[in-house]
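Residue-level structure breakdown
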Amino acid sequence: MGIFIAVGCFAAEGMSTFARLQFGNDASIEVPRNWIFLDENISQHLNTYSEAIAKFAGIDANQGNNQILVAANAYTKDEKPSATMRLSVRVGVFPAQAEIKDADSNELRREAETALKKLQGSLPENVNGMKLLDVRVERLGAYYTIVTDKQVDYVSGSALDRLDVIYVGSKVFKLNTSYRKSEAWMFEPVIRHIRQSLTISTK
């Protein structure tokens, strides 16, 4: 399955120009072109093509293991990212959308708290702690997503981290976004646009 990148020509909140990344027939998402893409191939294409469509191969979402479709970071005043995004997909057997829609929020929170407790024992040196803020089910585009919000307290400062888990047929898409709390005024609108731009197809 190939990747098709269509470069957008608009700005979200007047802050940056976005590019829409299309991953075959599975999903697409808009990401600021001035972010640092962890895939050099994508980065080169976004730097080379200013309009129309750039096409290249490299993603196969039909494999069973987790596949990162795109990951990118934004930097401002230091070497640590001020904001991040990552979209991944995995193939398997998952709950139906109807089950997610009717999921018990208390049960989801208990599961998230259990997972967070396991993480607390193996935090990297640059993380002082994590705190669960909210777990809920909400509509994102055409599908229901399980949203987990947490605060991550890094040595360099706190960040707000959001994980969207979207089960669609035999695939699960995970969109992880984060931004530094002290720079929320700058990155919260951008992250909101990235998240709301995600489209998923069952075809």
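This section reports on the structure supplied with the text. (Residues numbered from 1 in each chain as written. Predicted model: local features only at pLDDT ≥ 70, side-chain atom pairs only at ≥ 80, totals over all residues. Heavy atoms only, no water.)

1. Focus on the nonpolar core
The condition is simple: As used in this record, nonpolar core signifies buried Ala, Val, Leu, Ile, Met, Phe, Trp, Tyr and Cys residues forming a set joined through side-chain atoms within 4.5 Å. Exposed residues in this analysis have more than 50% of their type's maximum accessible area, buried residues have under 20%, and partly exposed residues fall in between, with area computed by a 1.4 Å probe over protein chains only. A run of DSSP states H or I qualifies as a helix once it reaches four residues; a run of E qualifies as a strand once it reaches two. Both are numbered from the N-terminal end. Whether two residues are in contact is decided by their heavy atoms: any pair within 4.5 Å suffices.
Counting 31 residues, the largest nonpolar core has Ile29, Trp35 and Met85 as its most contacted members. Of all the elements in the fold, those that place two or more residues in this core are strand S2 (16–23), strand S3 (27–32), strand S6 (67–74), strand S7 (83–91), strand S10 (157–168), strand S11 (171–180) and helix H4 (184–197). By residue number, the principal contributor to this core is H4, which donates 5 residues. Look past the residues within four positions of Met85 in its chain and what remains in contact with it is Ile29, Val31, Trp35, Val70, Ala71, Ala72, Leu175, Asn176, Thr177 and Ile194. By size, the runner-up hydrophobic cluster in this structure holds 15 residues, among which are Ile100, Leu108, Leu116 and Val127.

2. Considerations on the layout of surface pockets
Note the threshold: Think of a 1 Å grid over the protein atoms and nothing else: a 1.4 Å probe that fits but is trapped marks a cavity, an open set flanked by protein within 12 Å on at least five of seven lines marks a pocket, and residues with an atom within 4 Å of a point count as lining. Grid points are joined across faces, edges and corners, and a volume is the space filled by probe spheres set on the points. Side-chain classes follow a simple rule in which Ala, Val, Leu, Ile, Met, Phe, Trp, Tyr, Cys and Pro form the nonpolar group, Asp, Glu, Lys and Arg form the charged group, and the remainder, Gly included, forms the polar group.
Empty space within the largest pocket amounts to approximately 730 Å³. Those elements giving two or more residues to the lining of the largest pocket turn out to be S6, S7, strand S9 (143–154), S10 and S11. Of the residues in the lining of the largest pocket, the class split is 17 nonpolar, 12 polar and 6 charged. Put simply, the second largest pocket is a space of about 540 Å³. Looking at the second largest pocket, it is lined by 21 residues, and the ones nearest its centre are Glu111, Ala112, Ile146, Thr148 and Val165. Mapped by element, the contributors of at least two residues to the lining of the second largest pocket are helix H2 (97–101), helix H3 (105–120), strand S8 (127–140), S9 and S10.

Note that every value here comes from positions in space, so none of it alone points to a role or purpose.
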